[in-house]
Amino acid sequence: MSAAAFSASSANRNFWDSDADSYHAEHPEYLSSFYWCPEMLHEAEAQLLGDVSSATVLELGCGSAPCTQWLQGRTRFATGFDLSSGMLSHAAPELPLVQADALALPYRDESFDVVFSAFGALPFVGDLDAALREVHRVLRPRGRFVFSVPHPMRWVFPDDPQNLTAELSYFERAYLEQDANGELSYAEFHRTMGDWVRALQVRGSFEIRNLIEPEWPEGLDITWGQWSPERGEIFPGTAIFVCEAR
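Rules of the game
Residues numbered from 1 in each chain as written. Predicted model: local features only at pLDDT ≥ 70, side-chain atom pairs only at ≥ 80, totals over all residues. Heavy atoms only, no water. Buried < 20%, exposed > 50% of the residue type's maximum accessible area, 1.4 Å probe, protein only. Helix = DSSP H or I, 4+ residues; strand = E, 2+ residues; numbered from the N terminus. Pairing = 2+ DSSP bridges. Disulfide = S-S within 2.5 Å. Polar contact = N/O pair within 3.5 Å; in protein donor to acceptor, adjacent residues only side chain to side chain. Contact = heavy atoms within 4.5 Å. Salt bridge = Lys/Arg side-chain N within 4 Å of Asp/Glu carboxyl O. Axes fitted to C-alpha atoms, helices over the stretch in contact; angles between N-to-C directions. Parallel < 35°, antiparallel > 145°, perpendicular 65-115°, else oblique. Left-handed = near helix turned anticlockwise from the far one by under 90°. Nonpolar A, V, L, I, M, F, W, Y, C, P; charged D, E, K, R; others polar.

Q: Please explain the pairing of strand 1 (residues 56-60) as it appears in this structure.
A: A regular strand places its side chains so that they alternate between the two faces of the sheet. Buried residues dominate strand 1, accounting for five of its five residues. Neither face of strand 1 is exposed, since T56, L58 and L60 on one face and V57 and E59 on the opposite face are all buried. Sheet topology note: the strand 1/strand 2 (residues 77-82) ladder contains five bridges and is parallel. For V57, the partnering residue across the bridge sits in strand 2 and is A78.

Structural data, given as structure tokens:
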């Protein structure tokens, strides 16, 4: 792992450890089951993972693992990992979870039929190619990789859910915060839609089988960070990639 990647991992581990309690207090509905995104698209409805009844499944950046918990009894085996012990401390104690970094997965080659992530890990790793290589390594041939991330278009809008004015550059690739000592304290990375295609299908070892941009459901009035009904009515907030390992 490079020094820059280690710095981002360390900063984000500390951030999510300290933010875990407030994050769970602010998003009880979203964290109550397997929702892919703030648009509250549920896996029972979307079935993006396919038939997992006989599959081994890994959740990438599981947080407190509500998705992995929902999968218990619906798969042959479902597990997850997260960088933050603070987030993992909110998980059900019986779940088979580990603390790990997406850049160095503690699993054997070709261990899983499915790897998925619901807003976990990938927006916070600086070396996306390295993370995707790890995902590919632990997937069996033709395994499914499904993940949701903030829609690249969302990057140009400030973190104010009522603000409908594009103010930030679509081509700025990172948002970094530093503490009073000048040390990195938070890192989030932006990929354009072209960046995702190149990382997955051009440089990477995946075929993109589908791309879902969920619409904001009528009647959903929950504001989730920068996601809101006002924004969701006119532009997408989430991109969900459905991929297959080559």
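Q: Looking at this model, I keep getting lost on the state of the cysteines. Mind explaining?
A: Disulfide: a covalent bond formed between the sulfur atoms of two cysteine residues. Inspection of the entire model under this criterion finds zero disulfides. C67 supplies the cysteine sulfur nearest to C37, a cysteine that is in no disulfide, at a spacing of 10 Å. Under the relative-accessibility criterion, C37 is labelled buried at 0%. In this structure C243 is a free cysteine whose sulfur lies 16 Å from that of C37, the closest cysteine sulfur available.

Q: Please clarify how the side chain of H190 should be interpreted in this entry.
A: By the element assignment, H190 lies in the loop between strand 7 (184-189) and helix 6 (193-202). Of the residues examined, H190 reaches a relative accessible area of 5% and is grouped as buried. In terms of polar contacts, H190 uses its side chain to reach the backbone carbonyl oxygen of Y170, at 2.7 Å. If we skip the residues at most four places from it in the chain, H190 touches P152, W155, Y170, E172, R173, A174 and D195.

Q: Teacher, can you tell me more about the pattern of salt bridges here?
A: Charged atoms that come close allow side chains of opposite charge to pair. As enumerated under the stated definition, the model contains nine salt bridges in all. Between R173 and D195 there is a salt bridge, with its nearest N and O atoms 2.7 Å apart. Of the two residues, R173 is situated in the loop between strand 5 (139-150) and strand 6 (174-178) and D195 in helix 6; the sequence distance between them amounts to 22 residues. Residue E244 is joined to R209 by a salt bridge in which the shortest nitrogen-to-oxygen separation is 3.2 Å. With E244 in strand 9 (residues 238-245) and R209 in strand 8 (residues 206-212), this pair connects stretches of sequence that are 35 residues apart.

Q: What is the right way to read the packing of helix 5 (residues 128-138) against helix 6 from this model?
A: If you want to describe how two helices pack, look at the angle between their axes and the distance between the axes. Here helix 5 crosses helix 6 at 40°, and the two axes come no closer than 10 Å. Considering their axes alone, helix 5 and helix 6 lie oblique with respect to each other. As for how helix 5 packs across helix 6, the hand of that crossing is right-handed. In this structure, helix 5 uses L128, D129 and L132 to contact helix 6, whose residues at the interface are W196, A199 and L200. For the contact of helix 5 with helix 6, the class distribution of residues is five nonpolar, no polar and one charged.

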